[in-house]
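Observations on the three-dimensional arrangement
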Amino acid sequence: MYQAFVGLEIHVQLLTKSKVFCGCRAAFGDEPNTNVCPVCMGYPGVLPTLNRQAIVQAYLVARALDCELSESAVFERKNYFYPDLPKNYQISQLGSPVGRNGRVDLDLGGSRRRVPIREVHLEEDAGKMIHAGDVSLLDYNRAGTPLLEIVTEPVLERGEEAELFLQYFRRMVRYLGVCDGNMEEGSLRCDANVSVNRPGKGLGSKVEIKNMNSSRFVKKALAFEIARQSGLLDRGAPVAQETRLWNENRDLTEAMRSKEEADDYRYFPEPDLPPFKPDAAFLLDVEKGLVELPSARRERLVAEYGLGPDQVDFIIDEKSRADFFERTVALGADPLAAASWLGSDVKRLLNREGVELAESPLTPERLAGLLVLLASGRIHGKIAKQVLEVLFAEGKDPETIIRERAWEQLIDAGAIAKLVDEAIDANEKAAAQIRAGDEKPVGFLVGEIMKATSGRAEPQLVRSVLKERLAKSR
Amino acid sequence: MNHSARWSNVLLSPDRTESYLDYARGWEKRIGSFLELSPPVPASPPRGDLAGIPFAVKDNIAVEGFNLTCGSKMLAGLKSPYTATAVRRLQEAGALVVGKTNLDEFGMGSSTDTSALARTSNPWDTSLVAGGSSGGSAAAVAAGIVPFALGSDTGGSIRQPAAFCGIYGLKPTYGAVSRYGLVAYASSLEGIGVVAESVGFARRVFEVIRGIDPLDHSSVEYLPSGQTPPRPRLGVVRGLAGLSGEIERAYRRAADLARGLGMEVSEVDLKTFDYVVPAYYTIATAEASANLARFNGIRYGLRPEGTENPEQLVKGARNRGFGDEVKLRILLGTYVLRSGFQDRYYVRAQKIRTAIRNDLQALFGAVDLLLLPVFPTAAFKHGEAGLTPFQQKLADRFTVTANLAGIPALSFPMGSEAGAPLGLQLLAPAFEEERLFRAAESFAEAVPLEHPPGYSEEWRS
Amino acid sequence: MELKELYVTASLAQLDLSDEEAETLSALVGQMVEYFSTMREIDVENLEPTTHALLKTNRVREDAVVESAAADTLVGNAPESEGRFIVIPNVL
């Protein structure tokens, strides 16, 4: 009976080596106040210098979100006092951001929702303030690391949709290589604005929700907030325009202490930085960074290789995995087999060893080698699994492994015939039964031969040679 | 140049440093131009184009190993952890920093009397101010303690004290000299420049400090036209009102002299002239309100005792750290940027700035140089006998134009009257500093440089 | 200028004005603001604001880490620190 309008404000910590306006290392988890210099500590007399990689990545994200790219991106000072903000203004963008009017066509599992992107702008992050009793501790390592802010129009209607959007977005920035997407460490942050109203009545009072540091919390917080606002409207109570924090321990949103007067950020153009005007060479660099995005890749992998929905979702979830998959296929592996192995045995081993695919001993060459051995019948499934184990343990090629361990399947008809004869001789009773037309012991004899060869004999071949022998001597 | 030959040896032995300090301290008792004076003892003879030449640096420009107080209680005792690009370039050319000079607090003033740390007086007459905000630098040069000093010019802060002290003062083209290391007051208007005892020094120093800097993205490649008209067309402004008698006489005398020196003198109008000061103060204070926000007592500088929360700490530091003029300008700048007022004041001022630039561009189609007074009067007296802060601001009307337009200007001495030196300024299109130097050299031939009583070169020989 | 406006402005600028200071400053700020109002007289209809002086070209820095030699000095400059943290009071 109510309609909810949810817009997201996403902050992306860009993966640059240095900070956005100075040469200090942009890193997470270092000793406090080690990656600092007079510029990012807001000393008197210093000036910001724009990191090219940060502006490239900003344009890249704007491009990937189908934004209109700014021909003159202007930096502005956003003025507010806070102890973790060294200059007491943040260099940000307002009037002429990097990108505007973009869109994402979000797959809602069956239906699609176009999510308009209002803007993409580049700014600097603040430091960190840790509260410790009656003091606060300040660490400026993060101050000046590049942040990209992405603002959507309020067109999402449910917590699940926001979660899907965030997952889509996270995957996209990881594909582009501009952010590691780690919400727990804060390299991807999401705030939301929520308003609820009767359908057709437009937006209601806007409530900002902060402190949701996982996509699951985004879903839960928004579901709670939509229900809370609907409940207020049910009772005819007003919804206060305010900022609320998600409390993950209590599963609810709480009003933040309100300030006496409204913020007035007094934005004005940053005189220390000339407006950035992308030229042809710069735009070419941006295009070079524009990889095939997850949604497009998903469609292509389904069309090209016939992957099923779950399989393809798993494969495209990480760009490195999808790249691995396609390289494996290009090296001759069967696509479905490759997808299935990546989704089962390989995944299990990676989890067990606690490593990422890219860091593991498995390479597309090795997986393709293994799958080709399997497909050509030189090894069978059970051995293949063992080969993978050894591959992870010893980091060798599948060929080497089966040669060293003499694991190659016995497919030589003469050799098999000799083994069959030996088995018949050793198990006369069973052989007789089969000759008499009772097929039951066939499995037993095949098993004996497999045992004798440590599983190397090709079972189908054994079975057919066995039947042939016992039929002949009838 | 024989001038620098005399200067290049003054610090090369302990004996010489002793005579240097004797001379300097003699003056300092009367004029107080330095906040910090500690000439270096070079381990080996310096090399370079300016080898061994001592110079002073305004205390809003960073020099590692020296304080960086900006004349404010807020930063008293702060040692700079780095060196400004302009200073580094001079040091690389062999010049030696002897100390840091007094200024109006954060460069906000026209007398150096808003300094919270020391009082500077004019070497010609200690009842007079040295001008400001680079008053310490100008006084030190006029007294013959250093042949040149770095200053900064946001709205006349180099040219006006240079005029008050009877020396040369160059405000370069915006961006020609890196601002890295200059404590920002109004970033889009200001730059580092030089006060000097001669055009020769001003030129040589400018040649060393100019040029694009990777640490200042608002600095630019120095690309002059390379053409200096042999018979420059000089514009003098029609109907300038409110000048004191001595300045009016000096202005007329200079115009007459220019004709005699072979310049083509013509009268011009400045259509936007009435709006330069309000536009300037709107933009300058707006930028200042943000530039001075970083001073909050947390990371460095003054921190009040016994505060209980960040807000008390920050407000306490700013209340105690800033003087009245600084507070006034921060409040003004905050006000003109506030939502609801920004279009009326800040944005409008920026549009007027465009009009001023257009005005000057048209003007420089008709003339090569523009002659203007620097200040409506000669150096005024300290305190109540002088000018009120508001009168001082209105009096910036001749200097702020160059800052709003980003063009170079050079103030030069034009003799003295009643024991106070007189100065005028020349303006040129962007990157045409050489035109200014040539014209000032012509004037120098006709008007010999005068020194204040007590000035001596003997100790240097 | 009205005192209320002055206090709002002072609060944005993190200045805590005493009554006496507020009195003096409101007169001085008012005087300047009134003077600024003369800017109304000039026609700026078709003019773009000049926000940057003479800056026409892009300036960027390559993404390379420059180890700051000053980090220890900077921590040392803080009026109060604990280990490598800079400390401020926060009594609840």
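Values in this document were obtained by computation on a predicted structure and should not be read as measured data. (Residues numbered from 1 in each chain as written. Chains lettered and ligands numbered in written order. Predicted model: local features only at pLDDT ≥ 70, side-chain atom pairs only at ≥ 80, totals over all residues. Heavy atoms only, no water.)

You can read the domains of chain A as domain 1 (3–282), domain 2 (292–404) and domain 3 (413–472). A C-alpha centroid distance of 70 Å is found between domain 1 of chain A and domain 3 of chain A. (Domains from an automatic or database assignment.)

For the rest of this paragraph, the subject is the interface of chain B and chain C. The interface of chain B with chain C comprises 67 residues on the first partner and 51 residues on the second. The junction of chain B with chain C conceals about 5300 Å² of combined surface from both sides, 68% of it contributed by carbon and sulfur atoms. Taken together, chain B and chain C are joined by 3 salt bridges. Linking chain B with chain C are 20 residue pairs in polar contact (both at pLDDT 80 or more), by the criterion used here. Considering each element in turn, the side of chain B that touches chain C owes the most residues, 13 residues, to helix H11 (residues 343–366) of chain B. In the side of chain B that touches chain C, the residues fall into 32 nonpolar, 17 polar and 18 charged. (Contact = heavy atoms within 4.5 Å. Buried area = accessible area lost by both parts, 1.4 Å probe. Salt bridge = Lys/Arg side-chain N within 4 Å of Asp/Glu carboxyl O. Polar contact = N/O pair within 3.5 Å; in protein donor to acceptor, adjacent residues only side chain to side chain. Helix = DSSP H or I, 4+ residues; strand = E, 2+ residues; numbered from the N terminus. Nonpolar A, V, L, I, M, F, W, Y, C, P; charged D, E, K, R; others polar.)

Our focus in this paragraph is the sheet that holds strand S7 (residues 128–132) of chain A. Taken in spatial order, the 4 strands make up an open sheet running S7(A)-S8(A)-S2(C)-S1(C), and their pairing is antiparallel. Either end of the sheet is taken by a strand with one partner, and the two such strands are S7 of chain A together with strand S1 (81–82) of chain C. Relative to strand S8 (residues 135–139) of chain A, S7(A) runs antiparallel, the two being bridged by 5 bridges. Paired with A:His131 across the strands is A:Ser136, a residue of S8(A). (Pairing = 2+ DSSP bridges.)

Let's shift gears to the pattern of salt bridges. When the charged atoms of two side chains lie near each other, side chains of opposite charge can form a pair. Residue and element names in this part refer to chain A. Tallied over the entire structure, the rule returns 74 salt bridges over all chains. The partner of Arg228 in a salt bridge is Glu242, with the nearest N and O atoms 3.9 Å apart. Linking Arg228 in helix H3 (residues 215–234) with Glu242 in the loop between H3 and strand S12 (243–247), this pair joins segments that are 14 residues apart in sequence. Beyond isolated ion pairs, a larger network of salt bridges with shared partners links Glu292, Arg297, Arg300, Glu304, Lys319, Asp323 and Glu326.

A few words now on empty space enclosed by the protein. All names here are of chain A. Under the defined criterion, the tally for this structure stands at 12 cavities of 30 Å³ or more. Taken as a whole, the largest cavity encloses approximately 150 Å³ of empty space. Val39, Cys40, Pro48, Lys87 and Glu124 are, among the 18 residues lining the largest cavity, the residues nearest its centre. Class assignment for the residues of the lining of the largest cavity results in 11 nonpolar, 1 polar and 6 charged. Roughly 100 Å³ of internal volume is contained in the second largest cavity. Its residues assigned to classes, the lining of the second largest cavity shows 3 nonpolar, 9 polar and 2 charged. (1 Å grid on protein atoms, 1.4 Å probe; cavity = no way out; pocket = protein on both sides within 12 Å on 5 of 7 lines; lining within 4 Å. Points joined across faces, edges and corners; volume = space filled by probe spheres on them.)

For the rest of this paragraph, the subject is the layout of surface pockets. By volume, the second largest pocket amounts to about 690 Å³. Forming the walls of the second largest pocket are 35 residues, and the residues nearest its centre are B:Thr114, B:Asp324, B:Glu325, B:Thr388 and B:Pro389. Mapped by element, the contributors of at least two residues to the lining of the second largest pocket are helix H10 (324–337) and helix H12 (389–394) of chain B together with helix H2 (19–36) of chain C. No other element matches H2(C), which puts 6 residues into the lining of the second largest pocket. In terms of residue class, the lining of the second largest pocket is made up of 12 nonpolar, 13 polar and 10 charged.

Here we come to the side chain of B:Ser187. When you line up the elements, B:Ser187 lands in the loop between strand S5 (168–171) and strand S6 (191–196). The residues touching B:Ser187, leaving out its near neighbours within four places in the chain, are A:Arg77, A:Pro271, A:Asp272, B:Tyr174, B:Arg179, B:Glu287 and B:Asn291.

Take helix H7 (residues 245–260) of chain B next. Residue and element names in this part refer to chain B. With 16 residues, H7 extends 23 Å between its outermost C-alpha atoms, agreeing within 8% with the 22 Å of an ideal straight helix rising 1.5 Å per residue. Looking at the buried residues of H7, the elements they touch are strand S7 (233–237), strand S8 (264–268), strand S9 (369–373), strand S10 (409–417), strand S11 (420–427) and helix H14 (433–446). Where H7 ends, the next residue or the one after it, Gly262, has phi of about 90 degrees, a positive value. (Expected span 1.5 Å × (residues − 1).)

Time to look at the sheet that holds strand S5 (residues 99–107) of chain A. All names here are of chain A. The 9 strands are arranged S2-S5-S6-S9-S1-S10-S11-S12-S13 in an open sheet whose pairing can be described as mixed. On the outer flanks of this sheet lie strand S2 (68–69) and strand S13 (252–255), each paired with one strand and no other. Two strands pair when backbone bridges link them, and strand S11 (residues 207–212) and S12 are joined in this way by 3 bridges, in the parallel orientation. Each bridged residue has a counterpart across the sheet, and for Lys210 the counterpart in S12 is Leu245.

Another point: helix H4 (residues 135–142) of chain B. Residues and elements named next belong to chain B. Most of H4 is tucked away: 8 of the 8 residues are buried. Within the span of H4, buried status applies to Gly135, Gly136, Ser137, Ala138, Ala139, Ala140, Val141 and Ala142. Gly144 lies just past H4 and shows a positive phi near 80 degrees. (Buried < 20%, exposed > 50% of the residue type's maximum accessible area, 1.4 Å probe, protein only.)

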